[in-house]
Amino acid sequence: MKALLVRDIRLAVRAGGGFGLGLAFFLIVVVLVPFGVGPDNGVLAVIAPGILWVGALLSCLLSLDRIFALDWEDGSLDLLATAPLPMETLVTLKAVAHWLSTGVPLVLASPLFALLLSLPAAGYGPLALSLALGTPALSVIGTFGAALTVGLKRGGLLLSLLVLPLYMPTLIFGAEVARRGAQGLEFGVPLAMLAGITFGTIALLPFASAAVLRVNLR
Amino acid sequence: MASIWEYANPKKFIQTTDRLLPWMSVLAAVTLVVGLIWGFFFTPDDFRQGSTVKIIYLHVPAALMAINAWLMMLVASLVWIIRRHHVSALAARAAAPVGAVMTVIALATGAIWGQPMWGTWWAWDPRLTSFLILFLFYLGYMALWAAIENDDTAADLTSVLCLVGSVFALLSRYAVNFWNQGLHQGASLSVAPGERISMVYKLPLYVSMTGFALLFIALVFLRTQTEIRGRRMRALLARERMG
């Protein structure tokens, strides 16, 4: 288990992985937004929580197809499937590796990006907290989508069509936490809902992903 | 004792639906014509909404069927996963485009009504938003069916997507409630005593709801038959090529 996790993270961090790419994409989104809506700091501060959450979501989406595709191409996914590891564990490990290589860097870098969008200082904590709680759900849901489309040749576009609607509840509560935090409001309720979604998906969705992956490897 | 599982046999399914289909279609046409004409021309204008209120005879039945089509797909997917009857998987596939079109009708008629009444074509209201999300789910479901070549794999994957999607669609429905308090009025029909709308409007509405339901059933029967026959033809062609 540990070996697989370490291997996946190593593959992600080293050449050709999505590690730097996700962060760079996030940065580009943050840089492009002021060009689109104008440099007014007041306007930026209002939309910053939403932009940061949508940017995090998109940069998470960017690296999803790598979760299984490379292992599928070189056949190591078949080997992993026949290994004594249960498929559910394999899927969970893949999601954890994806979260460690894309979600965690996003959380760590989020205050910096928030600064670029002139988010009020009070919002940094809630933003990072909501991302830290929400990105695991993004990784787990994304792993389900990646498992659905693993056998397809042009799965990339389909993957986003399938996964983005599933991201909606997470986005709603995550962005709500960040927004309320930035305005200095109380954000306990949406935070609890966000945590509920995250833990619920972590508990249940790996079974669906494993079932789907078994069908695809049949 | 005849069991419902007899209809899992494609031949039996086609035989029975062939007999039912003309009746269903005629009945659907009659109820739709009666319901819509009654609703459009023989009900009084609302004292506040004027004649725009009459779009309800398209909007409410379409919205009803948009949700029920997904529920039917959910049941059919469960039947496929548990008992692996091919007819069930094909029926789920056949229902998806019909449900998607119903969603579009509900959204479009809602927009047409909303423009004069709310002063806007579109508002990020919970009901409107969750219908848009439902439409996205339909799109993803159909795209996944279309993308996979192997029939059984496609049936398996789409049924799991339907199950997971149902949970997330419900979740979104209540999440958007939290996110924005809406413009949309509450339920127009209710079994609870305090009546919402007058009987004058309600009766034609029930008729056109029945019409939409019959139309949906007839379309799903027809499309499932087409799917079964298409699959049979592919099998025959494959056998010919072998021989």
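Quick caveat, the model's predicted, so the values are computed rather than measured. (Residues numbered from 1 in each chain as written. Chains lettered and ligands numbered in written order. Predicted model: local features only at pLDDT ≥ 70, side-chain atom pairs only at ≥ 80, totals over all residues.)

K.L.:
Can you walk me through the overall build of chain A in this structure?
P.N.:
Of regular secondary structure, chain A possesses 9 helices and 0 strands. Ordering the α and β elements of chain A from the N terminus gives α-α-α-α-α-α-α-α-α. The principal-axis extent of the C-alpha atoms belonging to chain A is close to 55 × 35 × 30 Å. Counting only residues that meet the buried cut, chain A has 52% of its 218 residues in that class. Taking the intrachain contacts of chain A between residues at least 6 apart in sequence as the baseline, contacts between residues at least 24 apart amount to 81%. (Helix = DSSP H or I, 4+ residues; strand = E, 2+ residues; numbered from the N terminus. Buried ≥ 20, exposed ≤ 12 C-beta atoms within 10 Å, placed from the backbone. Contact = placed C-beta atoms within 7 Å.)

K.L.:
Looking at this model, I keep getting lost on the overall build of chain B. Mind explaining?
P.N.:
Scanning chain B from N- to C-terminus turns up 6 helices and 0 strands. Over its C-alpha atoms, taken along the principal directions, chain B stretches across nearly 70 × 40 × 35 Å. Within the span of chain B, comprising 243 residues, buried residues form 38% of the whole. Across chain B, every contact between residues at least 6 apart in sequence was considered, and the portion connecting residues at least 24 apart equals 78%.

K.L.:
Hey, could you run me through the nonpolar core in this one?
P.N.:
Note on soluble globular proteins: their nonpolar side chains tend to be buried together. Core analysis: the biggest nonpolar cluster contains 133 residues, and Leu52(A), Val212(A), Ala69(B) and Ala95(B) have the highest contact counts within it. In terms of residue count, the dominant contributor to this core is helix α8 (residues 155–182) of chain A (15 residues). With residues up to four places along the chain from it excluded, the contact list for Ala95(B) reads Ala69(B), Met72(B), Met73(B) and Val220(B). (Core = buried A, V, L, I, M, F, W, Y, C linked by C-beta atoms within 7 Å.)

K.L.:
What's the story with the interface of chain A and chain B in this structure? I'm lost.
P.N.:
Interface extent is often summarised as the accessible area lost during association of the parts. Between chain A and chain B, the residue contacts involve 17 residues of the former and 21 residues of the latter. Elements with a minimum of two residues in the side of chain A that touches chain B: α7 (124–148), α8 and α9 (188–217) of chain A. Here the side of chain A that touches chain B gets 10 residues from one element, more than from any other, and that element is α8(A). Here the residues of the side of chain A that touches chain B sort into 16 nonpolar, no polar and 1 charged. (Nonpolar A, V, L, I, M, F, W, Y, C, P; charged D, E, K, R; others polar.)

K.L.:
For this particular structure, what's the right way to read unusual backbone geometry?
P.N.:
The backbone of Ser118(A) shows a phi angle near 50°, a positive value even though the residue is not glycine. With respect to the helices, strands and loops of the structure, Ser118(A) is situated in the loop between α6 (87–116) and α7. Residue Ser118(A) is classed as partly exposed on the basis of its 17 C-beta neighbours within 10 Å. Positioned with a positive phi, Arg84(B) is a non-glycine residue whose angle comes to about 55°. Mapped onto the elements of the fold, Arg84(B) is located in the loop between α2 (56–83) and α3 (86–118).

K.L.:
Where do I start with the confidence of the model for chain B in this structure?
P.N.:
Interpretation of this model should avoid reading the predicted coordinates in detail wherever pLDDT is low. Residues and elements named next belong to chain B. Averaged over every residue, the pLDDT of chain B is 85; residues scoring 70 or more account for 91%. Mean pLDDT per element in chain B: helix α5 (residues 151–179) is the minimum at 87, and α2 is the maximum at 91. Per the prediction output, this complex has pTM 0.87; the corresponding ipTM is 0.84. (pLDDT = per-residue confidence, 0-100.)

K.L.:
What is the right way to read the environment of Leu36(B) from this model?
P.N.:
Residue and element names in this part refer to chain B. Assignment of secondary structure puts Leu 36 in helix α1 (residues 10–41). When the C-alpha atoms of Leu 36 and Pro 204 are compared, they prove to be 7.3 Å apart, with 168 residues separating the residues in sequence. Beyond its immediate chain neighbours, meaning those up to four positions away, Leu 36 contacts Tyr 57 and Ser 208.

K.L.:
Just to check I follow, could you spell out helix α3 (residues 41–62) of chain A for this structure?
P.N.:
Because the α-helix completes a turn every 3.6 residues, residues three or four places apart line up on one side. When the local axis directions of α3(A) are compared, the greatest deviation, roughly 55°, occurs at Ile47(A), which is followed within four positions by the proline Pro49(A). Among the residues of α3(A), those classed as buried are Ala48(A), Pro49(A), Ile51(A), Leu52(A), Trp53(A), Gly55(A), Ala56(A), Leu57(A), Ser59(A), Cys60(A) and Leu61(A). (Bend = angle between axes of the 7 residues up to and from the residue.)

K.L.:
Would you mind showing me how to read the environment of Thr82(A) here?
P.N.:
Note on placement: Thr82(A) falls in helix α5 (residues 76–82). With 40 residues separating them along the chain, Thr82(A) and Gly42(A) place their C-alpha atoms 56 Å apart.

K.L.:
Mind showing me how you'd approach the packing of α7(A) against α9(A) here?
P.N.:
Axes are the key here: two packed helices are described by the angle between their axes and the distance separating the axes. Residues and elements named next belong to chain A. Where α7 contacts α9, the two axes come as close as 8 Å, and the packing angle between them is 20°. Between α7 and α9, the angle falls in the class roughly parallel. Remark: the crossing between α7 and α9 carries left-handed chirality. Here the contact of α7 with α9 is composed, by residue class, of 17 nonpolar, 7 polar and no charged. (Axes fitted to C-alpha atoms, helices over the stretch in contact; angles between N-to-C directions. Parallel < 35°, antiparallel > 145°, perpendicular 65-115°, else oblique. Left-handed = near helix turned anticlockwise from the far one by under 90°.)

K.L.:
I would appreciate a short explanation of the packing of helix α4 (residues 126–147) of chain B against α5(B) in the present structure.
P.N.:
Residues and elements named next belong to chain B. Between α4 and α5, the shortest axis-to-axis distance is 10 Å and the interhelical angle comes to 170°. When the axes of α4 and α5 are compared, the pair comes out roughly antiparallel. Seen from α4, the contacting residues are Pro 126, Thr 129, Ser 130, Ile 133, Leu 134, Phe 137, Tyr 141, Leu 144 and Trp 145; seen from α5, they are Ala 154, Leu 157, Thr 158, Leu 161, Cys 162, Gly 165, Ala 169, Ser 172, Arg 173, Val 176 and Asn 177. In the contact of α4 with α5, the residues fall into 13 nonpolar, 6 polar and 1 charged.

K.L.:
What should I look at first to understand the environment of Lys153(A) in this one?
P.N.:
Of note, Lys153(A) is situated in the loop between α7 and α8. Along the backbone, Lys153(A) and Ala69(A) are 84 residues apart, and their C-alpha atoms lie at a distance of 9.7 Å.

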